[in-house]
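# A closer look at the structure
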Amino acid sequence: MPIGPAKIIEKKKEYLVPCSYHFYKDPPQLVKGKMQHLWDHEGKSYVDFFAGVSVMNCGHCNPEILGPIMDQMGQLQHTTTIYLTEPSVGLAQRLAAIAPKGLKRSFFCSTGSEANEGAMLLAELYTGKNGFLALDLGLHGRTRLAMSATGIGMWRATGSPSGNVHFVPNPYCYRCPYEKEPDCCGFACVNGIKEAISRRGAGHFAAMLCEPIQGNGGIIVPPMGYFKALKAVLDEFGILLIIDEVQTGFARTGKMFAIEHFDVVPDVMTVAKALGNGQPISAFITSDQMAKSFTTPSASTLGGNPVSAAAGIAVLDYLEKNQLAEKARILGGQLMEGLKRLQKTYPIIGDVRGLGLMIGAELVYPDKSPNPEAADEILETMKDFGFLIGKNGEHRHVLAFQPPLVITAGDISSMLECLERALEGMVNDGL
């Protein structure tokens, strides 16, 4: 029998480091998952609209993913990279076929943090420079250097970060730091980056690290010409572009990788999360030319693990077979339309933004200031209604809709109906 939420919280307080937290005032104990559904210890079912933060793109306990994983576990579970196994090279070949043009060579690791640190190391080796640019409100991991490149205060556990990272304005159009409008801003934030590079000296920076859509920053989507303008500036100064697709990759946004929406090819791309659909795996992917600079012996003990690699191959098979990128585009349109309809009725929704099935609804007070209290209230109510949604943003005030890509149009309609009930209840309560 499950021990129940109260006992789990008791054990967490006694045995886990206190930084480990959880959602909800009255959290359920989740015990079972199947595709887009989860069940708690009392048998209550939920439709998952967060997918473990964009991990379970192919759904929970998907038999077409679990089958190859179990088969591989029954044959060979782990050897490390110093021995030859087939799954890792097979997965690398598959990634080379779907990555943006020219990105061919993979280095496998276990987490997004590790992939981002590896990408930054590669940039240093290739350029001989050790400075980095990063965007405000970006999030790139929990390890020391990745955390130092993270521009959200709550995720920077120390006031003394390591590394040589310089932060620059992000393309947050709803709260533009330059008080411009997207249609006539002239990409002032890109001009700000150019000025920052000029002040510090181009010879200082190896690369710029950024997400194509800032997930934890609040589902912040740049204007369509942003990355072309940014890449032109970086190329002018000989600075590499590292794109962090840890949350956005593998059909989440309606394309295999979110950077494809912007018609730009990065110098390095990092992936994780959805590649394993719950199995730990990550990678940084780069060109033949850049890969030549990394020849010193290196390894990640569990990187390219046969089981994780088999999971990755099964994920790519499932995404392609079921056309989940196209499904994310279509269902994302339905979700976006529904949220924008609610925005017209409920001014507490200040902005709705996203691509595919990665959409954020920013909750605000009448003066446009962040409203995290409303976000918490809605998360609790939606949980009681049987829907698990996320929250992010600097002030944790943006509702995050990142469901498994196997979600249905009916699930989205039901969720929107319940969300309207939750919003109406808040209005009636004077909140």
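Residues numbered from 1 in each chain as written. Predicted model: local features only at pLDDT ≥ 70, side-chain atom pairs only at ≥ 80, totals over all residues. Heavy atoms only, no water.

## Here's the deal with the pattern of salt bridges
- Applying the stated criterion to the full structure yields 18 salt bridges.
- Across the salt bridge formed by Glu-10 and Lys-7, the nearest N and O atoms sit 3.3 Å from each other. Taken together, the positions of Glu-10 and Lys-7, both in helix 1 (residues 5-15) and three residues apart, correspond to about one turn of that helix.
- On the accessibility criterion, Glu-10 (43% relative accessible area) is partly exposed.
- On the accessibility criterion, Lys-7 (36% relative accessible area) is partly exposed.
- We note a salt bridge from Lys-194 to Glu-236, for which the minimum N-O separation is 3.5 Å. One end of the pair, Lys-194, is in helix 7 (residues 188-200); the other, Glu-236, is in helix 8 (residues 226-237), with 42 residues separating them in the sequence.
- Exposure remark for Glu-236: the relative accessible area of 52% places this residue in the exposed category.
- Overlapping salt bridges, with partners in common, bring together Arg-175, Asp-351, Arg-353 and Glu-362 in one network. (Salt bridge = Lys/Arg side-chain N within 4 Å of Asp/Glu carboxyl O. Helix = DSSP H or I, 4+ residues; strand = E, 2+ residues; numbered from the N terminus. Buried < 20%, exposed > 50% of the residue type's maximum accessible area, 1.4 Å probe, protein only.)

## A word on the sheet that holds strand 8 (residues 240-244)
- Ordered in space as 4-10-9-8-7-5-6, the seven strands form an open sheet in which the pairing is mixed. Two strands in the sheet have a free side with no partner beyond their single neighbour: strand 4 (105-109) and strand 6 (164-168). On average, each strand axis in the sheet is tilted by 20° relative to the strand beside it, whichever way the strands run.
- Helix-sheet contacts for helix 5 (residues 112-127) involve strand 4, strand 5 (131-135), strand 7 (205-210), strand 8, strand 9 (268-271) and strand 10 (282-286), and the interaxial angle to strand 10 is about 25°. (Pairing = 2+ DSSP bridges. Axes fitted to C-alpha atoms, helices over the stretch in contact; angles between N-to-C directions. Contact = heavy atoms within 4.5 Å.)

## Side note on helix 12 (residues 372-385)
- For helix 12, built from 14 residues, the straight-helix expectation of 20 Å at 1.5 Å per residue is met to within 8% by its first-to-last C-alpha distance of 20 Å.
- Tucked into the core, helix 12 has its buried residues touching strand 3 (45-48), strand 12 (358-363), strand 13 (387-388), strand 14 (390-392), strand 15 (398-401) and helix 13 (409-428).
- Looking one or two places after helix 12, you find Gly-386, whose phi comes out positive at around 100°. (Expected span 1.5 Å × (residues − 1).)

## Some remarks on the packing of aromatic side chains
- Here the structure, examined in full by the defined rule, presents eight aromatic pairs.
- When the ring of Phe-23 is compared with that of Tyr-24, the centres are 6.0 Å apart and the planes differ by 85°; the resulting orientation is edge-to-face. Summarising the burial analysis for this pair, Phe-23 and Tyr-24 share the class buried.
- Here the aromatic rings of Phe-107 and Phe-294 are separated by 6.0 Å at their centres, their planes lie at 5°, and the arrangement is stacked. In this pair, Phe-107 is assigned in strand 4 and Phe-294 in the loop between helix 9 (288-291) and helix 10 (306-321), connecting sequence segments 187 residues apart.
- Connected via pairs of aromatic rings, a cluster forms that spans Phe-23, Tyr-24 and Phe-50.
- In this arrangement the basic side chain of Lys-32 is found over the ring face of Trp-39, its NZ or CZ atom lying 5.1 Å from the centre.
- Sitting over the ring of Phe-23, Lys-391 keeps its end group 5.5 Å from the ring centre. (Phe/Tyr/Trp six-rings, centres within 6.5 Å; stacked < 30°, edge-to-face > 60°. Lys NZ or Arg CZ within 6 Å of the ring centre and 35° of its normal.)

## Here we look at unusual backbone geometry
- In this model, Phe-250 sits at a positive phi of 65°, which is unusual for a non-glycine residue.
- Here Phe-250 lies in the loop between strand 8 and strand 9.
- A positive phi angle, near 55°, is found at Arg-396, a position not held by glycine.
- By relative accessible area, Arg-396 is classed as buried at 12%.

## Quick look at helix 7
- For helix 7, spanning 13 residues, the distance from its first C-alpha to its last is 18 Å, which sits close to the expected 18 Å at 1.5 Å a residue.
- Of all the residues in helix 7, the buried ones are Ala-188, Cys-189, Val-190, Gly-192, Ile-193, Ala-196 and Ile-197.
- Packed against the buried residues of helix 7 are strand 5, strand 6, strand 7 and helix 8.
- Following helix 7 by one or two positions, Gly-201 has its phi on the positive side, about 100°.

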